[in-house]
Amino acid sequence: IHVEPINAIERGVMEGRYQLGVIPDHRPSASLDYYPLFDEQMYLYCAIGHPLFDTPEQKVSAAQVRKCRYVGIGYHSPNMEATRKLRLKRHATAHDQEAVAHLVASGRYVGFLPDHYAAPFIEKGMMQALLPSIFEYQCQFSAIVRRSPPPSRVVDTLLDILVSEHQ
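Per chain, the residues get numbers from 1 upward, laid out in the order the sequence is written. Only residues with pLDDT of 70 or above have their local features reported here, since the model is predicted, and side-chain atom pairs are shown and tallied only from 80 upward, although totals for entire chains, interfaces and linings are computed over all residues. The side-chain numbers reported here are obtained from all heavy atoms of the structure, hydrogens and water having been left aside.

Some thoughts on the overall build of the protein
Turning to step 1, where the next piece is worked out: Starting at the N terminus, helices and strands are each numbered in turn, a helix being any DSSP run of H or I of at least four residues and a strand any DSSP run of E of at least two. Within the protein, the regular secondary structure consists of six helices and seven strands.
Turning to step 2, where the next piece is worked out: Of the regular secondary structure in the protein, the N- to C-terminal order runs α-β-β-α-β-α-β-α-β-α-β-β-α.
Turning to step 3, where the next piece is worked out: Overall size of the protein, expressed as C-alpha extent along the three principal axes, is 55 × 30 × 25 Å.
Turning to step 4, where the next piece is worked out: Each residue is assigned to one of three classes by its accessible area relative to the maximum for its type, calculated with a 1.4 Å probe on protein chains only: buried under 20%, partly exposed between the two thresholds, exposed over 50%. Every one of the 167 residues in the protein was classed for burial, and the buried ones make up 41%.
Turning to step 5, where the next piece is worked out: Expressed as a percentage of contacts within the protein between residues at least 6 apart in sequence, the contacts between residues at least 24 apart total 67%.
Turning to step 6, where the next piece is worked out: Entry remark: accessible area of the protein is about 9500 Å², with carbon and sulfur atoms responsible for 54%.
Turning to step 7, where the next piece is worked out: Charge counting treats Lys and Arg as positive and Asp and Glu as negative, with His and both chain ends excluded. In plain terms, the charge of a residue is placed at NZ if it is Lys, CZ if Arg, CG if Asp and CD if Glu. Within the protein, one finds 17 positive and 18 negative side-chain charges whose respective centroids are separated by 12 Å. For this analysis, residues touch if any pair of their heavy atoms sits within 4.5 Å. For the accessible areas, the method is Shrake-Rupley and the probe is 1.4 Å, while residue cover comes only from the protein chains on display.

Here it is in structure tokens:
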């Protein structure tokens, strides 16, 4: 098992170094087959020490949020598309959600995290979502395999198990 950026996983599967990958859907490749697994709900978070932390939602405007220092993912991903669509300006770049979480937790940045990842921080009163009806997106994750040559029986079996367990 390897944890890599999306493009490294795609390239590894295409080149045959990895037999199967799990990535967020963002730009399909004709040389890969995609098998939907699960969705992640993403919200924009701030943490203790941030000027908007503990500010009642009705007193926060989208314009105020857009002026905040934002940490975004630095490779082509659904995060980049959401950043553009929601008109956020990146002030820091991260390459995984752990790095985003660290920068958000510093109280100096806002950033997108999956709701399940942020839940423990929220329960401890350390983070909060900012205008979740506006600053949100869904991220679909899929298993990917090379189209040619087709996957082995072992990979097919693993793929069947992954897909059935996520239905």
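Alright, that's what it looks like, and here's the rest.
So, the side chain of S29
Turning to step 1, where the next piece is worked out: Topologically, S29 is positioned in the loop between β1 (21-24) and β2 (32-47).
Turning to step 2, where the next piece is worked out: Here a polar contact is recorded for every N or O atom pair within 3.5 Å, except that within protein the pair must consist of a potential hydrogen donor and a potential acceptor, and residues adjacent in sequence are included only if both atoms are side-chain atoms. There is a polar contact of 3.0 Å between the side chain of S29 and the side chain of S31.
Turning to step 3, where the next piece is worked out: Discounting residues that sit within four places of it in the chain, S29 has contacts with M14 and Y34.

Re helix α6 (residues 153-165)
Each turn of an α-helix holds 3.6 residues, which means side chains three or four residues apart point in the same direction.
Turning to step 1, where the next piece is worked out: An ideal rise of 1.5 Å per residue puts 18 Å on 13 residues; α6 measures up with 18 Å between its terminal C-alpha atoms.
Turning to step 2, where the next piece is worked out: Looking at α6, one finds that the buried residues are V155, L159 and V163. All buried residues of α6 fall inside an arc of 70° around its axis, so they share one side. In α6, the exposed positions that point more than 90 degrees away from the buried face belong to R153, V154, D160 and E165.
Turning to step 3, where the next piece is worked out: Among the structural elements, β2 and β7 (136-146) are those in contact with the buried residues of α6. Here a helix's expected span is defined as the number of its residues, less one, multiplied by 1.5 Å. To obtain the arc, one takes the directions from the helix axis to the C-beta atoms.

Some remarks on the pattern of salt bridges
Turning to step 1, where the next piece is worked out: By salt bridge we mean one thing: a side-chain nitrogen of Lys or Arg within 4 Å of a carboxyl oxygen of Asp or Glu. Counting across every chain of the model gives three salt bridges.
Turning to step 2, where the next piece is worked out: Across the pair R17 and E15 runs a salt bridge, and its minimum N-O distance is 3.0 Å.
Turning to step 3, where the next piece is worked out: Taking relative accessible area as the criterion, E15 reaches 49% and is therefore assigned partly exposed.
Turning to step 4, where the next piece is worked out: Between R147 and D33 there is a salt bridge whose closest N-O contact spans 2.6 Å. Of the two residues, R147 is situated in the loop between β7 and α6 and D33 in strand β2; the sequence distance between them amounts to 114 residues.
Turning to step 5, where the next piece is worked out: A residue is classified by how much of its surface remains accessible, and R147, at 44% relative accessible area, is partly exposed.

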